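# Inside the fold
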Amino acid sequence: MTSATVTGPIAGTKSSGPGIGRILLYVALSIGALLMITPFLWMVLTAFKSNLEIAKFSWLPDELRWRNFTEAMQTAPFLRYFRNSLFIAVGETAFTLAVCTMAGYALAKLPIRGSKALLSYFIILLLVPFQIILVPLFLIVKSIPLFGGNNILGQGGIGWLNSWWGLIIPLGAAPLFTFLARQFYVSVPNELAQAARVDGLGEFGIFARIMTPLVKPALITIAVFQIEAAWNAFLWPLMITTSDSMRPLQLGLAIFAQNPAEVQWPYLMAGTALATLPMIVMFIFAQKRFVEGMAHVGIKG
Amino acid sequence: MSATLERPTAAIATARRVPPSKDSRKLIRSQVRAGWMLLAPALLHSAIFLVIPVAFAVALSFTDYSFGDSWAWVGFENYSELFGDANFRAAFVNTLLYAVVVVPVSIVISLVIALGLNQKIRGLGFFRTAFYVPTVTATVAIATIWLWIYNPGSGLANGFLSLFGFAPSQWLSNPDTALPSLMAVGIWQGLGTKIIIYLAALQSVSRDLIESASLDGANRWQRFLNITWPALGPVQFFVLVTTIVGTFQVFDLVYVMTDGGPGTETMVLVLDIYTNAFQDLRLGFASAETVIMMILIAIFIGLGRLLQKADVND
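What counts and how
By convention here, each chain's residues receive numbers from 1 onward along its written sequence. Each chain takes a letter, starting from A, and each ligand takes a number, starting from 1, following the order in which they are written. The predicted nature of this model means local features are confined to residues of pLDDT at least 70 and side-chain atom pairs, given and counted, to a pLDDT of 80 or more, with totals for whole chains, interfaces and linings taken over all residues. Placing a C-beta atom from the backbone of each residue, one calls two residues in contact when those atoms lie within 7 Å. Put simply, DSSP marks the helices as runs of H or I at least four residues long and the strands as runs of E at least two long, and each gets a number from the N terminus on. The classification used treats Ala, Val, Leu, Ile, Met, Phe, Trp, Tyr, Cys and Pro as nonpolar, Asp, Glu, Lys and Arg as charged, and all other residues, Gly among them, as polar. To get an axis, a line is fitted to the C-alpha atoms, and for a helix only the part in contact is used. The angle between two axes follows their N-to-C directions and goes from 0 to 180 degrees. For classification, angles of less than 35 degrees are called roughly parallel, those exceeding 145 degrees roughly antiparallel, those between 65 and 115 degrees roughly perpendicular, and all remaining angles oblique. Crossings are classed by handedness, with left-handed meaning an anticlockwise turn of the near helix from the far one by less than a right angle and right-handed meaning a clockwise turn. Residue ranges for the domains originate in an automatic or database domain assignment. For every residue, the pLDDT score states the predictor's confidence, bounded by 0 at the bottom and 100 at the top.

## Description of the interface of chain A and chain B
With 75 residues of chain A in contact, the opposing surface of chain B contributes 80 residues. By residue number, the principal contributor to the side of chain A that touches chain B is helix H1 (residues 2–47) of chain A, which donates 14 residues. Of the residues belonging to the side of chain A that touches chain B, the class tally is 59 nonpolar, eleven polar and five charged.

Below you can see the structure in the form of structure tokens.
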């Protein structure tokens with residue numbers, strides 16, 4: 001009886017509360033979402049406008065000028081930039097997946113002495129921002145031996161500067177992903193590996209054919225984050241590429257935006273749409289992986 | 001007997017343990033060997049591209065190296081010169097200002113939005129996508145979009161102001177509004193990650209606890225202060241640290257939108273480091289700047305840690 005009187009008023013406020021409170025909540029969230037999306041809408045709308053139209057502020061284009069996109073491709077090699085970005089993203093992701101799953105598995109499942117210390121080593125490195133090491137990293141990449149005209153001591157040439165190697169390898173395999181991979185392997189039970197061992201499967205076979213297929217969702221999470229990071233990278237390509245043929249999309253956009261003559265906004269927005277849409281589509285499809293990955297790092301990590 | 005049937009591997013393990021067989025030791029040894037071989041690429045990669053560069057940065061900061069063949073140790077000369085350098089001072093102050101504004105504002109906004117999204121609302125997927133889209137997008141692309149939004153002639157920002165009858169602003173070319181305009185974009189872009197992390201953390205806060213507290217007559221604010229807030233503890237620290245490190249790294253946004261201008265109003269540390277190293281080719285000088293940035297970040301993380309400890313002790 002007492003419990004009924006206690007729950008009574010609360011249930012009462014709940015049924016009257018949802019009315020106004022809920023509506024206010026939805027209104028507030030919708031305004032927030034609108035603030036997030038409007039700049040992208042504005043980008044797409046501008047991409048369809050003519051140079052004449054953008055001289056004055058307006059929302060909608062007079063007509064959908066699809067030819068802006070083809071004309072933008074002719075003004076700047078956005079398509080080649082796009083292919084370069086794709087190549088870098090795929091290469092870096094493959095490299096990261098290979099290196100980080102191996103290390104993560106070893107840290108999680110194999111009886112290495114000092115694996116705890118090694119884990120803290122990777123966790124500490126995870127905190128080192130790239131910007132702090134950009135000068136020495138440039139010098140190291142410049143002196144990779146036997147590449148780019150360098151001798152065996154790494155002198156005389158440009159090493160990995162202005163090369164696909166330089167664009168892909170140094171920023172791949174971030175400690176964050178080794179740590180993430182380790183977290184995922186830890187949660188896989190040992191019994192399967194033991195059974196495979198009894199059946200005579202070697203350690204590498206157990207890693208590649210038994211344990212890794214079990215963490216496939218985790219691999220997708222790592223891949224999604226790595227693709228995003230590689231696709232969006234800017235400072236490093238800016239530092240090490242000198243030839244236009246190797247520039248990724250973000251760098252191409254920045255150069256186009258800094259055109260000393262008048263910036264052609266519709267073309268720039270068409271190029272920007274090309275740069276943003278793949279990642280937005282990837283997020284919509286892999287939303288669950290993004291959320292899970294972040295929860296893993298932020299909450300359990 | 002039934003135990004051995006259920007756990008054959010355990011049975012084999014114990015059977016092997018009875019005579020300390022060569023087989024099991026061999027098995028362990030092969031596992032250790034495999035472990036080191038699997039770890040080797042990651043260790044090598046991190047040593048070459050992370051550990052050595054950090055040490056190298058510190059060493060370089062005590063030299064006058066500038067790509068040439070001849071260089072010399074100069075002690076603390078780079079550091080003492082830095083503190084008299086106008087660009088560095090502007091970059092230092094602006095970066096601090098940027099962090100001091102962006103970190104708390106973006107954390108508060110994203111926590112509020114996450115609390116809203118945690119109310120069992122409909123369309124969670126849509127809202128989550130909307131708030132995360134700016135985060136998943138390249139900062140350069142964001143910068144070009146906002147460059148156009150802030151365009152004084154026909155940009156969206158001034159179009160919006162004129163709706164309410166306000167005079168148009170110069171935004172990025174006005175010294176008073178340039179840095180705040182950049183901060184707004186930084187805050188706007190960074191909400192997504194924090195919202196998702198907070199939301200995941202909020203969903204793991206015990207519903208029973210909250211319900212029993214509301215049965216005991218605790219109001220919304222009391223429930224938040226006494227249950228939700230403490231439960232967010234470790235996540236708070238993570239969000240704080242990553243946000244601080246992120247704001248100190250701000251570069252793409254500034255490089256594309258203002259290139260440090262007007263004057264040095266929006267000069268930030270990484271842009272100054274980049275300019276010193278790759279335009280003026282003063283690598284030693286730029287390295288000293290990165291060392292100072294490293295120390296700054298460490299101090300901020302330490303402060304965050306203290307704050308968190310104080311919060312827990314309360």
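## With respect to the packing of helix H13 (residues 265–285) of chain A against helix H6 (residues 124–136) of chain B
Put simply, H13(A) and H6(B) touch, their axes get as near as 10 Å, and they point 135° apart. Comparing the axis directions of H13(A) and H6(B) gives the class oblique. Viewed along their axes, H13(A) and H6(B) form a crossing whose handedness is right-handed. Taken together, the residues of H6(B) that come into contact with H13(A) (itself represented by Met279(A), Ile280(A), Phe283(A) and Ile284(A)) are Thr129(B), Tyr132(B), Val133(B) and Val136(B). Split into classes, the residues belonging to the contact of H13(A) with H6(B) amount to seven nonpolar, one polar and no charged.

## Comments concerning the domain arrangement of chain B
Structurally, chain B comprises domain 1 (2–60) and domain 2 (78–313). Its C-alpha centre places domain 1 of chain B at a distance of 41 Å from the equivalent point of domain 2 of chain B.

## Digging into the confidence of the model for chain B
Residues at a pLDDT of 70 or more form 92% of chain B, whose mean pLDDT is 87. Confidence estimates for the predicted assembly give a pTM of 0.86 and an ipTM of 0.86.

## Regarding the packing of helix H3 (residues 78–109) of chain A against helix H10 (residues 216–232) of chain A
Residue and element names in this part refer to chain A. Interaxial distance between H3 and H10 falls to 8 Å at its minimum, and their mutual angle equals 140°. Judged by the inter-axis angle, H3 sits oblique to H10. At the point where H3 passes H10, the crossing takes the right-handed sense. On H10, the residues touching Ser85, Ile88, Ala89, Glu92, Thr93, Thr96, Leu97, Cys100 and Thr101 of H3 are Leu219, Ile222, Ala223, Gln226, Ile227, Ala230 and Trp231. Residues of the contact of H3 with H10, tallied by class, amount to ten nonpolar, five polar and one charged.

## A closer look at the domain arrangement of chain A
The parts lose accessible area when they come together, and the size of an interface is often stated as this lost area. All names here are of chain A. According to the domain assignment, chain A contains domain 1 (2–47) and domain 2 (71–300). Each of domain 1 and domain 2 has a C-alpha centre, and these two points are 38 Å apart. With five residues of domain 1 in contact, the opposing surface of domain 2 contributes seven residues. Residues belonging to the side of domain 1 that touches domain 2 are distributed by class as follows: four nonpolar, one polar and no charged.

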